[in-house]
Amino acid sequence: MAAEGGGKEMNEIKTQFTTREGVYKLLTHSEYSRPNRVPFNSQGSNPVKVSFVNVNDQSGNGDRICFNVGRELYFYIYKGVRKAADLSKPIDKRIYKGTQPTCHDFNPITATAESVSLLVGFSAGQVQLIDPIKKETSKLFNEEVGSFQLCKYWNNELTIVLFSFFFSSFSLQRLIDKSRVTCVRWVPGSESLFLVAHSSGSMYLYNVENTCGTTAPHYQLLKQGENYAVHTCKSKSARNPLLRWTVGEGALNEFAFSPDGKFLACASQDGFLRVFGFDAAELHGTMKSYFGGLLCVCWSPDGRYIVAGGEDDLVTVWSFSDCRVIARGHGHKSWVSVVAFDHCTTSVEDGDPPAEFSGSDEEFLEQIHFGVGRDRANSAHSRLSKRNSTDSRPVSVTYRFGSVGQDTQMCLWDLTEDILFPHLPLNSSSSTTTTTTAASTTTTFATLSLHDSRKERHEKDHKRNHSMGHISSKSSDKLNQLSSTRTAKAEAAKTLGTLLCPRMQDVPLLEPLVCKKIAHERLTVLIFLEDCLVTACQEGFVCTWARPGKGLLSSQNNPANSPSGTVV
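Per chain, the residues get numbers from 1 upward, laid out in the order the sequence is written. Note on the predicted model: pLDDT of at least 70 is required for a residue's local features to be given, and 80 or more for side-chain atom pairs to be given and counted; whole-chain, interface and lining totals, by contrast, use all residues. Side-chain metrics in this entry use all non-hydrogen atoms of the structure; hydrogen atoms and water are not considered.

Under an unreviewed UniProt entry, the name given to the chain is WD repeat domain 20, and the organism recorded is Cyclopterus lumpus.

And the structure:
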């Protein structure tokens, strides 16, 4: 873990840090923000989010960036580490009144230099399909019945005003879902299907070709399981939504598709990670946070592991094939808002496969503890995940992932072979010794972590009162959060110490490779690109960090005032 020093050093914003690959440097001239570069007053606003798409521009400058700040939405050419950002020339800028953008996603399949499809979710529940290159608004989903949009250009800025008519004979309402949109994603490989999550705990599958209708949808149960249900929309003609998922209790904060698009991981305010087979709508496995809600989730590039973060200040690594927690990471001092794998640094080197587990199927099942809904065919991968204890070959597998939090810190983590493939004991005696040593070591870390947690509880509570979990545009969101908090406390007592939520001493505790304060306000974005990584904070600043040897703009920065990071 990065060494921690005195107050001044701890509060200093870092502009570079070091890992085994070299030095990552902040490129100040590649910073994107509102054109006036004035810090945004973030109190009461939704999180700043960033989306990227490549339009395959023949000029070699095909990357495009979209980000929201308050009620504003910006679309720029992203120049990355190559050239300085020109904030005076956005391709498109939109200002919304009556609602705020909360999330957005590009469709990479349909993107061209002349047109892109961008989905935007809003705090009032709407979802908008726009083309920022053509400066067009295609469709509005989950719109309020009786409302219409007035779009006008003013000084080359598109202002969108939502007007609603109220009559004494009836009151207007949003027919599908009234709550804030928390996550929107195109279905992988599809040009027309997209999935939307709301703070109500529901997800909806839409088709851009269908309308939402003028009456409330009627649903028919398709599939039901423990704490989830999937309904189809019953209608004579094709309409949206195609499906409604109800997942857990409280808000559904984020979801992520597996790299092959076949599975869906959902992080909910009730503290549960639920992984579904998307097409079959079947539950594959679950995991419970140590306490509090889960706020973010991501998949490893090969789809074998899932990392989730949330209100327990931890990052939790979950094995997809084994359906169990294999490690936790402690480095943040407040809620973890984003987790992401670095596909460029993650490596699986060629070598002999691990020794296969020898024994009966019954012994094997007992060893790896089957999880809920695990498919029998997936056990083949787990049979190869145990190495013989006499194997002295060097580490050949490393997964790099990162996290950012409301403590303004960015952490980088290495998930290595000693965690992924624990050595099997030679005999029962060595097994007892190894287990005792491991438990003792892990307990020490856990004790320190819990002591620090109690010591900083007052400070963290103060931060959390100003965090995004406590700021919502609708009072119903607050009620949902309070209700889910009570439920989470009751569930925690039932699940702690089980396979759903192992105790701290029962799984390895990771320490961050790098842990640096990089912003003045809470961090809301972490994206890994080929030559850089991108972060953003709630003040509305989107920062580019050049990978080692990639910072062509590094000469424009002043490293004299930028203390480097340390790796221990």
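A. Local environment of the pattern of salt bridges. In the sections that follow, a salt bridge refers to a side-chain nitrogen of Lys or Arg positioned within 4 Å of a carboxyl oxygen of Asp or Glu. All told, the structure shown has 14 salt bridges when counted by the stated rule. Among the ionic pairs, Arg-34 bridges to Glu-72, the shortest N-O distance being 3.9 Å. Taken together, the residues span a long stretch of sequence, with Arg-34 in the loop between strand S2 (22–32) and strand S3 (50–54) and Glu-72 in strand S5 (residues 72–77) at a distance of 38 residues. For Arg-400, the salt bridge identified is with Asp-414, shortest N-O distance 2.5 Å. On the criterion of sequence distance, the pair formed by Arg-400 in strand S30 (residues 397–405) and Asp-414 in strand S31 (residues 409–416) is long-range, its members being 14 residues apart. With relative accessibility at 0%, the residue Arg-400 sits in the buried group. Only protein chains enter the accessibility calculation, which uses a 1.4 Å probe; a residue whose area is less than 20% of its type maximum is buried, one above 50% is exposed, and one in between is partly exposed. For Asp-414, a relative accessible area of 16% corresponds to the buried category. By sharing partners, the salt bridges in this structure join Arg-20, Glu-21, Arg-400 and Asp-414 into a single network. The helix count covers DSSP runs of H or I at least four residues long, the strand count covers runs of E at least two residues long, and both are numbered beginning at the N terminus.

B. Spotlight on unusual backbone geometry. That bond from Asn-240 to Pro-241 is cis: its omega, -5°, falls within 30 degrees of zero. Position of Pro-241 among the secondary structure elements: in the loop between strand S17 (228–234) and strand S18 (243–247). Residue Asn-142 is not a glycine yet carries a positive backbone phi of 55°. With respect to the helices and strands, Asn-142 occurs in the loop between strand S10 (136–141) and strand S11 (148–154). With a relative accessible area of 1%, Asn-142 lands in the buried category.

C. Seen up close, the packing of aromatic side chains. Any Phe, Tyr or Trp ring, taking Trp's six-membered ring, that has another such ring centre within 6.5 Å forms a pair; planes under 30 degrees apart are called stacked, those over 60 apart edge-to-face, and the others tilted. Enumeration over the complete set of coordinates arrives at 26 aromatic pairs. Between Tyr-305 and Tyr-399, the ring centres sit 5.2 Å apart and the planes meet at 75°, which makes this aromatic pair edge-to-face. Here Tyr-399 lies in strand S30 and Tyr-305 lies in strand S24 (residues 305–310), a separation of 94 residues in the sequence. Overall, Tyr-305 belongs to the buried group, its relative accessible area being 4%. Should the NZ of a Lys or the CZ of an Arg lie within 6 Å of a ring centre and within 35 degrees of the ring normal, that charge is described as sitting over the ring. Cation over ring: Arg-244 sits above Tyr-219, and NZ or CZ is 4.2 Å from the ring centre. Sitting over the ring of Phe-272, Lys-288 keeps its end group 5.9 Å from the ring centre.

D. Quick look at the sheet that holds strand S16 (residues 218–225). Only strands that DSSP links by at least two bridges are regarded as paired with each other. Taken in spatial order, the six strands line up as S13-S14-S15-S18-S17-S16 in an open sheet, and their pairing is antiparallel. Only two strands of the sheet have a single partner each, and these edge strands are strand S13 (181–186) and S16. Adjacent strand axes in the sheet meet at a mean angle of 20°, parallel and antiparallel pairs treated alike. Pairing analysis gives five bridges linking strand S14 (residues 193–198) to strand S15 (residues 202–207), with the strands arranged antiparallel. Directly across from Leu-195, in S15, lies its bridge partner Leu-205. Between the N-to-C directions of two axes lies an angle of 0 to 180 degrees, each axis being a line fitted to C-alpha atoms and, for a helix, fitted only over the stretch in contact.

E. Quick look at the sheet that holds strand S25 (residues 314–319). With mixed pairing, five strands are arranged side by side in an open sheet as S23-S24-S25-S26-S33. Two strands bound the open sheet, and with one partner strand each, they are strand S23 (294–299) and strand S33 (509–510).

F. Examining the environment of Ser-347 more closely. Looking at the element boundaries, Ser-347 is found in strand S28 (residues 347–348). Between the C-alpha atoms of Ser-347 and Arg-400, which are 53 residues apart in sequence, the distance is 8.4 Å.

G. Representation of the side chain of Gln-269 within the structure. Within the secondary structure, Gln-269 sits in the loop between strand S20 (263–268) and strand S21 (272–277). On the accessibility criterion, Gln-269 (8% relative accessible area) is buried. A distance of 2.9 Å separates the side chain of Gln-269 from the side chain of Asn-253, its partner in a polar contact. Throughout this description, a polar contact denotes any pair of N or O atoms lying within 3.5 Å of each other; where both atoms belong to protein, one of them has to be capable of donating a hydrogen while the other can accept it, and for residues adjacent in sequence the pair is counted only when both atoms sit in side chains.

H. Expanded view of the pairing of S5. Counting buried positions along S5 gives five out of six residues, so the element sits mostly inside the fold. Where strand S4 (residues 63–69) meets S5, six bridges bridge the pair, whose relative direction is antiparallel. What sits directly across from Phe-67, in S5, is Tyr-74. Here S4 hands over to S5 after two residues, with Gly-70 in that stretch at a positive phi of 60°.

I. Here's a closer look at the nonpolar core. Definition of nonpolar core: a set of buried residues of the types Ala, Val, Leu, Ile, Met, Phe, Trp, Tyr and Cys, connected through side-chain atoms within 4.5 Å. Counting residues in each nonpolar core, the largest one holds 22 residues, and the members touching the most others are Val-307, Val-317, Phe-401, Leu-415, Leu-420 and Leu-510. Only S23, S24, S25, strand S26 (324–330), strand S27 (336–341), S30, S31 and helix H4 (417–420) provide two or more residues apiece to this core. Any two residues whose heavy atoms approach within 4.5 Å are treated as being in contact. Other than its neighbours up to four places away in sequence, Val-307 contacts Cys-296, Val-297, Cys-298, Val-315, Thr-316, Val-317, Val-339, Phe-341 and Phe-401.

J. Fine view of the pairing of strand S34 (residues 514–517). Going residue by residue along S34, you find Val-514 and Lys-516 tucked away on one face and Cys-515 and Lys-517 tucked away on the opposite face as well. Where S31 lies against S34, four bridges are found, and the strand directions are antiparallel. Bridging across to S34, Met-410 finds its partner in Lys-516.

K. Focus on the environment of Thr-524. Here Thr-524 lies in strand S35 (residues 523–528). Residues within four places of Thr-524 in sequence aside, it is in contact with Pro-47, Val-48, Lys-49, Ser-337, Val-338, Ala-536, Cys-537 and Gln-538. Only 2.7 Å separates the side chain of Thr-524 from the backbone oxygen of Val-48, close enough to count as a polar contact.

L. Spotlight on the confidence of the model for the chain. For every residue, the predictor reports its confidence as pLDDT, a number between 0 and 100. Taken over all residues, the pLDDT of the chain has a mean of 79, while the share at 70 or more is 69%. Note that pLDDT drops below 50 for residues 424–476; the model gives that stretch 61 contacts with residues more than four away or on any other chain.

M. Region of interest: the side chain of Arg-400. A polar contact is formed between the side chain of Arg-400 and the side chain of Asp-414, at a distance of 2.5 Å. For Arg-400, the residues in contact, after removing those within four places along its chain, are Thr-19, Arg-20, Glu-21, Tyr-24, Phe-341, Asp-342, Thr-345, Thr-346, Leu-412, Trp-413, Asp-414 and Leu-513.

N. Looking closely at the state of the cysteines. Pairs of cysteine sulfur atoms within 2.5 Å are what we label disulfides. For the structure shown, the criterion picks out zero disulfides. Cysteine Cys-344 is unpaired, with the sulfur of Cys-532 as its nearest cysteine sulfur at 9.3 Å. Taking the relative accessible area as the measure of exposure, Cys-344 reaches 32% and is therefore partly exposed. Cys-411 takes part in no disulfide bond, and the closest cysteine sulfur to it belongs to Cys-515, at a distance of 3.1 Å. A relative accessible area of 0% places Cys-411 in the buried class.

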